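# Close look at the chain arrangement
Below, each chain spelled out in residue letters.
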Amino acid sequence: MDAACQTFYKKLLTAIDSPPFRDGQWALCNCSGWPDNPSFQRIAAWSWTKGDDRRLVVVNLSDSAVQARVHLPWDNVGGKTWRLDDALSDAGYDREGDEMKNDGLYIELAPWAGQILAFHAIGSPAEHR
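Anyway, here's the lowdown on the structure attached to this text. (Residues numbered from 1 in each chain as written. Predicted model: local features only at pLDDT ≥ 70, side-chain atom pairs only at ≥ 80, totals over all residues. Heavy atoms only, no water.)

On to the overall build of the protein chain. A count of helices and strands for the protein chain gives 3 helices and 9 strands. Taken from N to C terminus, the helices and strands of the protein chain fall in the order α-α-β-β-β-β-β-β-β-α-β-β. Relative to its length of 129 residues, the protein chain is compact, with a C-alpha radius of gyration of 15 Å against a globular reference of 14 Å. Seen through its C-alpha atoms, the protein chain measures out along the principal axes to roughly 45 × 40 × 30 Å. (Helix = DSSP H or I, 4+ residues; strand = E, 2+ residues; numbered from the N terminus. Rg over C-alpha atoms; globule rule 2.2 N^0.38 Å.)

Here you go:
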């Protein structure tokens, strides 16, 4: 097995060794897109939740780039800013909860790519202006 593959599986196994994946609640997430861009139909998304510990798994099931809005199952994301940390790439993103609640979380993925996002509330939107 090559080094890149080993690194990927090490990150994957570390990411899924957390309480939401062991004994949390699973939910399938709906995805939507735009009339001129049906690529959202090639995304699969689901969440795992245990208490305040939230994870979102998003996978591009195609050989083309995709864009979508992922509709989260959590009613209480609004009114806060959230830090989303991707366990597979070590990237992090700050997103407004009101936008995620109203429009869905914007996701863009390369061909065959995926993300495992951990959500952490970091305050109200006004605190970050």
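Turning our attention to the side chain of N37. Tracing the backbone through its elements, the reader meets N37 in the loop between β2 (30-32) and β3 (43-50). Taking the relative accessible area as the measure of exposure, N37 reaches 19% and is therefore buried. At a separation of 2.7 Å, a polar atom in the side chain of N37 contacts the side chain of Q67. (Buried < 20%, exposed > 50% of the residue type's maximum accessible area, 1.4 Å probe, protein only. Polar contact = N/O pair within 3.5 Å; in protein donor to acceptor, adjacent residues only side chain to side chain.)

With that out of the way, let us pick up helix α1 (residues 3-15). Counted at 1.5 Å a residue, the expected span for α1 with its 13 residues is 18 Å, and the 18 Å between its end C-alpha atoms agrees. For α1, the N-terminal cap is D2; the gap from its side-chain oxygen to the backbone nitrogen of A4 is 3.3 Å. (Expected span 1.5 Å × (residues − 1).)

On to the nonpolar core. If you look at the biggest cluster of nonpolar residues, it comprises 20 residues, and the most contacted ones within it are L56, V70, L105, I107 and F119. Looking at this core, the elements that each hand over two or more residues are β3, β4 (53-60), β5 (66-71), β6 (81-86), β8 (105-109) and β9 (114-123). Setting aside its immediate chain neighbours within four residues, L56 contacts C29, W46, S47, V70, L72, L105, Q115, I116, L117 and F119. In this structure, A15, F21, L88 and I116 belong to the second largest nonpolar core, which totals 5 residues. (Core = buried A, V, L, I, M, F, W, Y, C linked by side-chain atoms within 4.5 Å. Contact = heavy atoms within 4.5 Å.)

Glancing now at the packing of aromatic side chains. Aromatic rings in a pair are described by how distant their centres are and how their planes are angled relative to each other. Under the definition given, this model contains 4 aromatic pairs. Between W82 and F119 the ring centres are 6.4 Å apart and the planes differ by 65°, which places this aromatic pair in the edge-to-face class. Of this pair, W82 sits in strand β6 while F119 sits in strand β9, and the two are 37 residues apart along the sequence. Here the two residues W82 and F119 agree in accessibility, since each one is buried. In this structure an aromatic cluster arises from ring pairing among W74, W82 and F119. (Phe/Tyr/Trp six-rings, centres within 6.5 Å; stacked < 30°, edge-to-face > 60°.)

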